[in-house]
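# Coordinate inspection notes
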Protein chains: 2
Amino acid sequence: MTWYNDTGKESSTVLSTRIRFARNLADYPFGSRLSAEKANEIIEKLAPTFENIGFKKIDFTKISKLEALSYLEKHYVSREFTEKKTPHALMLNEPCGYAVMLCEEDHIRMQCILPGLALDEAYASICKLDDTLDSSFEIAYNEELGYLTHCPTNLGTGMRASVMMFLPALTMGGQINGLSNQLSKIGLTMRGFYGEGSSAQGAIYQISNQITLGITEEDSIKKLQDIVKQITEQETELRKLITSEKNPELIDRISRAEGILRHAFMISSSEFISAFSDVRLGIDLGIIRSIDLKTLGELFIEVMPATLSLSAENPPKTQKERDILRAERIKSRL
Amino acid sequence: MTWYNDTGKESSTVLSTRIRFARNLADYPFGSRLSAEKANEIIEKLAPTFENIGFKKIDFTKISKLEALSYLEKHYVSREFTEKKTPHALMLNEPCGYAVMLCEEDHIRMQCILPGLALDEAYASICKLDDTLDSSFEIAYNEELGYLTHCPTNLGTGMRASVMMFLPALTMGGQINGLSNQLSKIGLTMRGFYGEGSSAQGAIYQISNQITLGITEEDSIKKLQDIVKQITEQETELRKLITSEKNPELIDRISRAEGILRHAFMISSSEFISAFSDVRLGIDLGIIRSIDLKTLGELFIEVMPATLSLSAENPPKTQKERDILRAERIKSRL
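Residues numbered from 1 in each chain as written. Chains lettered and ligands numbered in written order. Predicted model: local features only at pLDDT ≥ 70, side-chain atom pairs only at ≥ 80, totals over all residues. Heavy atoms only, no water.

### Let's talk about the overall build of chain A
Counted only if it meets this: In this text, helices come from DSSP runs of H or I with a minimum length of four residues, and strands from runs of E with a minimum of two, each type numbered from the N-terminal end. The buried label applies to any residue whose accessible area, calculated with a 1.4 Å probe on protein chains only, is under 20% of its type's maximum; exposed applies above 50%, and partly exposed to all values in between. The contact rule is simple, with two residues in contact once any of their heavy atoms fall within 4.5 Å. Where accessible areas are quoted, they stem from the Shrake-Rupley method and a 1.4 Å probe; at the residue level, only the protein chains shown are allowed to cover. Positive charges come from Lys and Arg alone, negative charges from Asp and Glu alone, with His and the N- and C-terminal ends not counted. Positions of charges follow a simple convention, taking NZ of Lys, CZ of Arg, CG of Asp or CD of Glu.
Helix and strand content of chain A: twelve helices and ten strands. Overall size of chain A, expressed as C-alpha extent along the three principal axes, is 65 × 50 × 30 Å. Residue burial in chain A is summarised as follows: out of 334 residues, 56% are buried. Considering only intrachain contacts with a sequence separation of at least 6, the fraction spanning at least 24 residues in chain A is 70%. Split by element, the accessible area of chain A, about 14,600 Å² in all, is 49% carbon and sulfur. Taking the average location of the 39 positive side-chain charges in chain A and that of its 46 negative ones, the two points are 4 Å from each other.

Structure (C-alpha cells):
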C-alpha cells in the first residue's frame, strides 16, 4: 500500500496526509557549507540505520532525470532535490509511507505520507522513525530554539504537516481565494498540488502549517485537523447544494470527462487532471458508478509524465507520443 | 425499410438518393391562383389513386406543427409545405420510398428516396408512379415546353435528382468551395442537408441537377451519376491519404466524438451532427468498430428536434430538456 494506491478516511475530500520532520546532525555544517565529501559521509553514516528497518537507498546522483522526476511526482522528494548536483540520496520505505531525503536543504528530511486524512497516524509513525534516529545520532537541537534547521522558517519543531484536499465545489463556488486568505491569518497555507509555487490544478490543494516556532507539534496538528474538518464540512454542504439543484450542466461536464478518459486517443497531463477532478467529483455525487476512487487515484500518479514514461516498454520520444501512451494507459486501466 | 433505416450502394460517401417529379393537373389553376376549395378538390380527387397502391394520406392542415416538422426532417416534405395555410396533404408510402406532396407549389410533387446511391432504381420507381398518375389524370403538358410547372425553373422534365453525399475528407481539405463552383458550371448545385438556403453541417452535401429544360431525364441522371462517382473517387483517395499519414489528431477527434455520443448528458442538434460526421468517418476508416453505419444513420433522423420530441412519452418542454433526451436516446441506441 502507498498513499496513491489506496483511499483513506474522508476520502471524498482528502487525498493524502503528509508529515515531515527536518533534522540535522550536530557535528556537520548546514546547507551549502556542507562539502560533497561531508555529504557523502552523512549518507554513508545514516543509510544503514534506515536499511536495517526495511528502507531501500536510492542514490540520486546515479539515477536518470526521469527516475528522479518520477519520485517527485510521487511526492517523495522535492523539486530542489531532483536538481541538486552534490551527493544526495533518498531512503524509501513505501509500504510504511516513509520517504527520507538525505542531504536536501537539511541533512535529514523525513516524511510519512498516508492516504486520506491520517494526521494522528502519520504523526505517530514519523515520531517512531525520529526516535530511532535520535537514539543513534546526535541531532542539532537547542533548548530555546528547538530543532536547528538550515532555513529559519523550519526552526523549532522542524515539522510541516500537510493535507492534500480535493475541493471542487468550493472551487466552482469561487470560494478558494477567500479561504486561502483566512488560512494565512491563522498560520496555515494553501498551495497547489506540487507545493510552493505550483498552481492548483484539478481543484486539488495542499493545506499545511506554516509556524514551527513557539508551538508544539501536537497543537500544530490539532489546528490543522480542525481546519481540515471545517473545510470538509463546507465542501460537503456545497456539494449537496450542487446536487440538490439537479444541475444538468455539471452532470454533463462530469459525464463528458468520463467520455474523454474512456475514449480520447491522446490526452495531455493537464487535461487528464481536469478530467480526473470532474470524474472524482462524479463518483462522490453518484453520477459515475463504473469507476472507483481507488483506481482513479492510482491512475493519477501512473499517468504523470515521468512515471508514465518510465513504465513504458518503448518510452515515448515526443510529448505527442506520451499523450497517446497516457490515453492508452487510462483506457486499459478503466 | 426507409432511406434512413438502411445503407445502400457507395454507403461510405452516399447517404441517400432522391428523385422528384413536379406535375400539375391540366384543368386547375397553378400556385397561388388555386383557391382553397379547388385545392381540396384536387386532394380528394388524387388521394384515392395513391391510397389504392398502399399510400396513406396525411392531412397537413390537421396535424401538429411538430408532426409536420418531423416529416420535414425525414425529407418527405419541404419547409414551405410545413408553413402553408391552404389545404395540402402528404401521400406517403415509406417502404417504397415514396412521398408525394399534394398542393405544394405544384399540384403534385412526387418523390422517391432510397438509401445509398440508387439513381436508376429511384428513377425507375418514380416513373412507375408517374405512369399510374398519367393513366388516371390529365397532366399539364406542352409539346415544346414539356411538363408545365408553377415555377419556370422546373419547366421541361419537372425533375430534380439529388444525391446526399458525405464528404469529410474534401471538407477537411478545404476543397468544397472549389467543387461547388465547378459543379455550378455544369448545371449542378451543391447545397446543405436541408436543401436551398441551408448550410452544410457535418460534411453532408446535396448535389442535384439544376437544368430541367432541353435535356432528357436520362441524360440528367447520367450526368449526376458520373459526377457523384468522380466525387466519390476524390473523397476516397483523400481519405486514404489521411489514414496513411497516421494522423493522431484525426484519430483523437474521431475517438472523442464517440466519447461524446456515448457519455454526454446533454447534446445539441448541431453538436450531434458534428459528432455523427466524425464517427461516420471513423467507421469508414476502421477507427471505430463498435458502431455500425446503419445504427448511426437511424440515429441521425431519430434525434432530429421534432422527430425526437414526437417520439417521447413526456415531450421535452425546453431546449435543455430536449438536449438531455437526445443524449439519453443516443446512449441507449449505441
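### Focus on the interface of chain A and chain B
Going by this rule: Buried area: the accessible surface (1.4 Å probe) lost by two parts on joining, summed over both. By convention in these notes, a salt bridge is any Lys or Arg side-chain nitrogen within 4 Å of a carboxyl oxygen on Asp or Glu. The definition of a polar contact used here is a pair of N or O atoms within 3.5 Å, where within protein one atom must be able to donate a hydrogen and the other to accept one, and adjacent residues in sequence count solely through side-chain atom pairs.
Between chain A and chain B, the contact holds 18 residues from the first and 18 residues from the second. For the pair chain A and chain B, the summed buried area comes to about 1,500 Å², and 60% of that belongs to carbon and sulfur atoms. When residues of chain A are sorted by the area they lose upon contact with chain B, Arg256(A), His263(A) and Phe265(A) head the list and together hold 39% of the total. The tally of links between chain A and chain B comes to four salt bridges. Note that Glu271(A) and Arg256(B) form a salt bridge whose closest N and O atoms lie 2.7 Å from each other. Remark: the boundary between chain A and chain B carries ten residue pairs in polar contact (both at pLDDT 80 or more). For the side of chain A that touches chain B, the elements supplying multiple residues, two or more each, are α8 (248–263) and α12 (319–333) of chain A.

### Concerning the nonpolar core
Inclusion rule: Here, nonpolar core refers to any group of buried Ala, Val, Leu, Ile, Met, Phe, Trp, Tyr and Cys residues whose side-chain atoms link them within 4.5 Å.
Counting residues in hydrophobic clusters, the biggest one holds 101 residues, and the most contacted among them are Ile19(B), Tyr76(B), Leu90(B) and Phe272(B). Those residues in contact with Leu90(B) that sit more than four places away from it in its chain are Lys56(B), Lys57(B), Ile58(B), Phe60(B), Tyr71(B), Tyr76(B), Val77(B), Phe81(B), Ala99(B), Val100(B) and Met101(B). Trp3(A), Met190(A), Ile231(A) and Phe272(A) belong to the second-largest nonpolar core, a separate cluster that totals 100 residues.

### With respect to the confidence of the model for chain A
This is how the line gets drawn: Residue-level confidence of the predictor, termed pLDDT, takes values from 0 up to 100.
Mean pLDDT for chain A: 92, with 97% of residues reaching 70 or above. Here the complex is predicted with pTM 0.88, and the ipTM for its interfaces comes to 0.85.

### Here's the deal with the environment of Glu235(A)
Residues and elements named next belong to chain A. Within the fold, Glu235 resides in helix α7 (residues 217–244). For Glu235, a relative accessible area of 0% translates into the label buried. For the pair Glu235 and Arg289, spaced 54 residues apart in sequence, the C-alpha separation works out to 21 Å. Leave out the neighbours within four places in its chain, and Glu235 touches Thr13, Phe166, Leu167, Pro168, Ala169 and Leu170.

### Brief notes about the sheet that holds strand β1 (residues 14–23) of chain A
Residues and elements named next belong to chain A. Definition in use: Strand pairing follows a simple DSSP-based rule, namely that at least 2 bridges must link the two strands. In this description, a line fitted to the C-alpha atoms serves as the axis of each element, helices being fitted only across the stretch in contact, and the angle between N-to-C directions of two axes falls anywhere from 0 to 180 degrees.
Ordered in space as β2-β3-β4-β5-β1-β8-β10-β9, the eight strands form an open sheet in which the pairing is antiparallel. At either end of the open sheet lies a strand with only one pairing partner, and these are β2 (56–59) and β9 (188–191). Between one strand and the next, the sheet's axes are offset by a mean angle of 20 degrees, whatever the strand orientation. By the bridge criterion, five bridges tie strand β8 (residues 159–166) to strand β10 (residues 204–209) in an arrangement that is antiparallel. The residue bridging Met164 from the neighbouring strand is Gln206, located in β10.

### Here we look at the pattern of salt bridges
All names here are of chain A. Counting across every chain of the model gives 38 salt bridges over all chains. With its nearest N and O atoms 3.1 Å apart, the salt bridge here joins Arg109 to Glu105. Overall, Glu105 belongs to the partly exposed group, its relative accessible area being 30%. Several salt bridges share partner residues, and in doing so they unite Glu104, Glu105, Asp106 and Arg109 into one network.

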